[in-house]
Amino acid sequence: MLAKLDQLANRLEEVNNLLMQEDATSSMDNYRKLTREHAELGPLVTLYSAYTQADNDVKAAQDMLSDPDMKDFAQEEIVAAKARMEQLEADLQKMLLPKDPNDERNIFLEIRAGTGGDEAALFAGDLLRMYTRFAERNRWQVEMISESSSEVGGYKEVIVRIVGFGAYSKLKFESGGHRVQRVPTTETQGRIHTSACTVAIMPEADEVGDVDINPADLRIDTYRASGAGGQHINKTDSAVRITHMPTGIVVECQDDRSQHKNKASALKVLAARIKDMQLREQQSKEAATRKSLIGSGDRSERIRTYNFPQGRMTDHRINLTLYKLDFIMDGDLEDLTNALAAEHQAELLAALGDVT
């Protein structure tokens, strides 16, 4: 690690010299790359300088140990400097971890009711409310993209777009199977039923160039919207269904009265699904080389259980159980998302140790 930090310190000096040259702004693209690199390297090298200084303090204090008058002071200084080095080393390791290029992106959140019939659809509605409340706590925007409502309430399937800095970084570990155990309102015997939903978190693709979609690979069908859209929405074929022939991915959107807007929304979701599929393939390959507890991208995996009678939520990947289900269902997910992020960071640090 220290050898790599030496290289980065030398690189920062090179970047500083390049930025100080008279023709530094002759190519604005190159100038932007250099300033971005400088912004990334600066804090890391500052931290490394503090680590080097602490190491020098230890050596200087060790030289004073032979002096009886300075021995006690020197020992205190060694203990304090070593403690600083330990903390700085941990901070440096975290800063050296590979960054997820999608962390800052907006997301598409997709919830599908699974086993459990009407109760699963109601649970899908509860999950949507949970994530919507979490978004509100983070001052993110939530836009409805597509919904297929259930007759008893809730959703058979719903897709929303969540717009906010860092939305993907906080919610990316929510993909997978979510199971609920509770007594349905229609249950007269008081028996606990188990039902499930599948959640998918997909980073939003850039408008241009992020996902290569050949228009020739698309089949676009239009049809009349159904459901709670009002009478006038059904007079025109405003709903859009797009099929991506190579992957078989199908996206429908009928939330807007404008066919043009529905098509644009459907294309965004399609791009996100293709990008998500590529990400999951990549994660599966990585998981094959090292055991990954979270973020494997396997949608069939049951990741969490919400037990209403006991008021608890259990995340099976990290063996975390929280007895605050009411708060969680109201969007208080910070303890959960922080624990998942910390576990992922620990995995990355372990993998970094294996490599080194």
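One can find the structure itself at the top, above this paragraph.
The shown structure was predicted, so the numbers you read here are calculated from the model rather than taken from an experiment. (Residues numbered from 1 in each chain as written. Predicted model: local features only at pLDDT ≥ 70, side-chain atom pairs only at ≥ 80, totals over all residues. Heavy atoms only, no water.)

### Examining unusual backbone geometry
Argument step 1. Even without being a glycine, R139 presents a positive backbone phi close to 60°.
Argument step 2. If you trace the backbone, R139 turns up in the loop between α4 (118-137) and β2 (141-149).
Argument step 3. Residue class for R139 comes out exposed when judged on its relative accessible area of 77%.
Argument step 4. In the Ramachandran plot, N319 falls in the positive-phi region, its phi being about 50° despite a non-glycine side chain.
Argument step 5. Within the fold, N319 resides in the loop between β10 (312-315) and β11 (320-322).
Argument step 6. Assessed through its relative accessible area of 69%, N319 is described here as exposed. (Helix = DSSP H or I, 4+ residues; strand = E, 2+ residues; numbered from the N terminus. Buried < 20%, exposed > 50% of the residue type's maximum accessible area, 1.4 Å probe, protein only.)

### A few points about the packing of aromatic side chains
Argument step 1. A full pass over the atoms with the stated rule returns 2 aromatic pairs.
Argument step 2. On the numbers, 5.4 Å between centres and 65° between planes, the contact of F123 with Y306 is edge-to-face. Residue F123 is found in helix α4, and its partner Y306 is found in strand β9 (residues 302-307); the two are separated by 183 residues along the sequence. You'll find F123 and Y306 in the same group, each marked buried.
Argument step 3. Ring geometry for F134 versus W140: centroids 5.7 Å apart, planes at 85°, classification edge-to-face. In terms of burial, F134 and W140 fall into one category: buried.
Argument step 4. Its end group placed over the ring of F308, R182 keeps NZ or CZ at 4.9 Å from the ring centre.
Argument step 5. The ring of Y223 has R241 sitting right over it, with the charged end atom 4.6 Å from the ring centre. (Phe/Tyr/Trp six-rings, centres within 6.5 Å; stacked < 30°, edge-to-face > 60°. Lys NZ or Arg CZ within 6 Å of the ring centre and 35° of its normal.)

### Side note on the sheet that holds strand β8 (residues 249-253)
Argument step 1. Spatial ordering of the open sheet is given by β6-β7-β8, a layout of 3 strands whose pairing is antiparallel. The sheet is open, and its two borders are formed by β6 (218-223) and β8, each paired with just one other strand. Pairs of neighbouring strands in the sheet enclose a mean axial angle of 15°, with direction left out of account.
Argument step 2. As paired strands, β6 and strand β7 (residues 239-244) are joined by 6 bridges and run antiparallel to one another. Bridge pairing in β7 places I220 opposite I242. (Pairing = 2+ DSSP bridges. Axes fitted to C-alpha atoms, helices over the stretch in contact; angles between N-to-C directions.)

### Some details on the sheet that holds β9
Think of a sheet as strands paired side by side through backbone hydrogen bonds, with each pair either parallel or antiparallel.
Argument step 1. If you walk across this open sheet you meet the 8 strands as β2-β3-β1-β5-β4-β9-β10-β11, and the pairing is mixed. Strands at the two margins of the open sheet, each flanked by one partner only, are β2 and β11. Strand-to-strand, the axes of this sheet are offset by a mean angle of 15°, without reference to chain direction.
Argument step 2. Across 7 bridges, strand β1 (residues 107-113) lies against strand β5 (residues 193-203) in antiparallel orientation. Considered in β5, the bridge of I107 is made with P203.

### Some words on the pairing of strand β3 (residues 155-163)
Argument step 1. Counted residue by residue, β3 has 7 buried out of 9 residues, so it is predominantly covered.
Argument step 2. Two elements, β1 and β3, share 6 bridges in a ladder whose sense is antiparallel. Pairing of R112 across the sheet is with E157, part of β3.
Argument step 3. Pairing analysis gives 8 bridges linking β2 to β3, with the strands arranged antiparallel. Each residue of the ladder has a partner; that of E143, found in β3, is R161.
Argument step 4. What sits between β2 and β3 in their antiparallel hairpin is a turn of 5 residues, with G153 showing a positive phi close to 115°.

### Focus on the packing of helix α1 (residues 2-20) against helix α2 (residues 28-64)
Argument step 1. It is at 8 Å that the axes of α1 and α2 come closest, and there the two elements cross at 135°. On the basis of their axis angle, the class for α1 and α2 is oblique. Of the two elements, α1 crosses α2, and the hand of that crossing is left-handed. Of the residues in α2, those touching α1 at L2, L5, D6, L8, A9, R11, L12, V15, N16, L18 and L19 are Y31, L34, T35, E37, H38, L41, G42, L44, V45, Y48 and Y51. (Parallel < 35°, antiparallel > 145°, perpendicular 65-115°, else oblique. Left-handed = near helix turned anticlockwise from the far one by under 90°. Contact = heavy atoms within 4.5 Å.)

### Topic: α1
Argument step 1. If you check α1, its first and last C-alpha atoms are 27 Å apart, about what 19 residues at 1.5 Å a residue would give, namely 27 Å.
Argument step 2. Where α1 is concerned, the buried positions are L5, L8, L12 and V15. Seen from one end, α1 has its buried residues packed into an arc of 70°, which puts them on one side. Residues of α1 that are exposed and point more than 90 degrees away from the buried face comprise A3, Q7 and E13.
Argument step 3. Packed against the buried residues of α1 are α2 and α3 (71-96). (Expected span 1.5 Å × (residues − 1). Arc of directions from axis to C-beta.)

### Structural notes on the nonpolar core
Argument step 1. Counting 36 residues, the largest nonpolar core has L109, I111, L127, Y131, I162 and Y306 as the members making the most contacts within it.
Argument step 2. Contacts of L109, omitting those with residues within four sequence positions, involve L128, Y131, V158, I159, V160, I162, V199, A200 and I201.
Argument step 3. Residues V211, I249, C253 and V269 belong to the second largest nonpolar core, which totals 18 residues. (Core = buried A, V, L, I, M, F, W, Y, C linked by side-chain atoms within 4.5 Å.)

### Thoughts on the pattern of salt bridges
Argument step 1. Applying the stated criterion to the full structure yields 27 salt bridges.
Argument step 2. Residues R32 and D29 are paired through a salt bridge, measuring 2.9 Å at the closest nitrogen-oxygen approach. Remark: D29 and R32 occur in helix α2; sequence separation between them is 3 residues, near one turn of the helix.
Argument step 3. Here R32 falls in the partly exposed class, since its relative accessible area comes to 43%.
Argument step 4. In this structure, R112 engages E157 in a salt bridge whose closest nitrogen and oxygen atoms are separated by 3.3 Å. Of this pair, R112 sits in strand β1 while E157 sits in strand β3, placing them 45 residues apart in sequence. (Salt bridge = Lys/Arg side-chain N within 4 Å of Asp/Glu carboxyl O.)

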